[in-house]
Amino acid sequence: MLRTQRLTLRAFTPADEAAFQQFAVQEDFWKYLPGPALDAELVTRFIAARVAEAANPSGRDWLFAVEERSLARAIGMVRLSIASPEHRQGNIGFSFDGSIRGKGYASEAMQGVLRFGFAELGLHRITALADVENQRSHAVLRKLGFRHEGRLQQNFSVRGEWRDSDLFALLRSEWPPAALPDSGTTALA
């Protein structure tokens, strides 16, 4: 479990299904994610699978439900995966409730995950992929200090359409950027 100023990043629980049923079925949540458009049945299966994973973590992949403490409900999710233990490289991804956009929650949650990856796991480099049209994700990544490293052509099939992705990366030596204070994220057992 990780805590930031306003957020708790934690394992999924069955109680998260109610919140995810409200926002994860909306197109702005799943539009750029590979896989089918989410409906109520898929959200139920998704939450059940995340709960099962939380009971038996791999130690290479962390998918956190992001809870806004004052709202007392999940507002999205963030992922950190170890891409190469030998080279201390990871990758991240995120998706949030579109109805609360513009309040800095994605940046705050991602800052917490970056701190976990760099400070706790000792990663050297963290990458992120974002659909070329997903300008909101690009803005969050740039705000966090990620630099654009290139474009991957047709690397994801999203509901039958091949999509290009932009590759962003951040080195431990570049984090946190001078313009962004350390989040003060704490890891809790």
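For the structure itself, look to the data block above.
Residues numbered from 1 in each chain as written. Predicted model: local features only at pLDDT ≥ 70, side-chain atom pairs only at ≥ 80, totals over all residues. Heavy atoms only, no water.

Visitor: Quick question: what am I supposed to make of helix α5 (residues 135–143) here?
Guide: In an α-helix there are 3.6 residues to a turn, and that puts residues three or four apart on one side. Looking at α5, one finds that the buried residues are Ser137, His138, Val140 and Leu141. All buried residues of α5 fall inside an arc of 165° around its axis, so they share one side. Elements in contact with the buried residues of α5: β5 (89–96), α4 (105–120), β6 (125–131) and β8 (161–171). Just beyond α5, the residue with positive phi is Gly145, at close to 100°. (Buried < 20%, exposed > 50% of the residue type's maximum accessible area, 1.4 Å probe, protein only. Helix = DSSP H or I, 4+ residues; strand = E, 2+ residues; numbered from the N terminus. Arc of directions from axis to C-beta. Contact = heavy atoms within 4.5 Å.)

Visitor: Honestly, the environment of Phe156 in this entry has me stumped. Any pointers?
Guide: When you line up the elements, Phe156 lands in strand β7 (residues 147–158). For the pair Phe156 and Arg3, spaced 153 residues apart in sequence, the C-alpha to C-alpha distance is 32 Å. Setting aside its immediate chain neighbours within four residues, Phe156 contacts Pro34, Leu129, Glu161, Trp162, Arg163 and Ser165.

Visitor: Sorry if this is basic, but what is going on with unusual backbone geometry here?
Guide: Only a minority of non-glycine residues have a phi that is not negative, and only a minority of peptide bonds are not trans. Here the amide bond leading from Trp175 into Pro176 is cis, since omega sits at -15°, within 30 degrees of zero. Among the secondary structure elements, Pro176 is positioned in the loop between β8 and β9 (186–187). Positive phi outside glycine occurs at Ala72, with the angle close to 55°. Its location among the elements puts Ala72 in the loop between β3 (61–68) and β4 (73–84). Look at Ala72 and you get exposed, because its relative accessible area is 59%. Of note, Arg159 is a non-glycine position whose phi angle comes to about 50°, a positive value. Mapped onto the secondary structure, Arg159 falls in the loop between β7 and β8.

Visitor: Would you take a moment to explain the pattern of salt bridges for this structure?
Guide: It is possible for side chains of opposite charge to pair when their charged atoms get near one another. Counted according to the given criterion, the structure contains 14 salt bridges. A salt bridge links Arg101 to Asp28, with the nearest nitrogen and oxygen atoms 3.5 Å apart. Taken together, the residues span a long stretch of sequence, with Arg101 in the loop between β5 and α4 and Asp28 in helix α2 (residues 27–30) at a distance of 73 residues. Classification of Asp28 by relative accessible area gives partly exposed; the value is 39%. The partner of Glu133 in a salt bridge is Arg163, with the nearest N and O atoms 3.4 Å apart. You can see Glu133 sitting in the loop between β6 and α5 and its partner Arg163 sitting in strand β8, a full 30 residues away along the chain. (Salt bridge = Lys/Arg side-chain N within 4 Å of Asp/Glu carboxyl O.)

Visitor: Which parts of the structure should I look at to understand the side chain of Asp97?
Guide: Secondary-structure assignment places Asp97 in the loop between β5 and α4. A polar side-chain atom of Asp97 sits 2.8 Å from a polar atom in the side chain of Ser99. Setting aside chain neighbours within four positions, we find Asp97 in contact with Phe23, Phe29, Arg73 and Ile75. (Polar contact = N/O pair within 3.5 Å; in protein donor to acceptor, adjacent residues only side chain to side chain.)

Visitor: Sorry, what's going on with the packing of aromatic side chains here?
Guide: Overall, the coordinates contain nine aromatic pairs when judged by the stated rule. Measuring from ring centre to ring centre gives 4.7 Å for Phe20 and Phe23, while their planes differ by 45°; the resulting arrangement is tilted. With Phe20 and Phe23 both in helix α1 (residues 16–23) and three residues apart, this pair spans about one turn of that helix. With respect to class, Phe20 is no different from Phe23; both count as buried. Joined through ring pairs, the aromatic side chains of Phe12, Phe20, Phe23, Phe29 and Phe46 make up one cluster. (Phe/Tyr/Trp six-rings, centres within 6.5 Å; stacked < 30°, edge-to-face > 60°.)

Visitor: Is there a simple way to think about the pairing of β3 in this case?
Guide: Two faces, one strand: in a regular strand the side chains alternate between the faces of the sheet. Note: strand β2 (residues 7–10) against β3, four bridges, orientation antiparallel. Its bridge partner lying in β3, Thr8 is registered against Glu67. The loop that links β3 with its antiparallel partner β4 comprises four residues; one of these, Ala72, has a positive phi angle of about 55°. (Pairing = 2+ DSSP bridges.)

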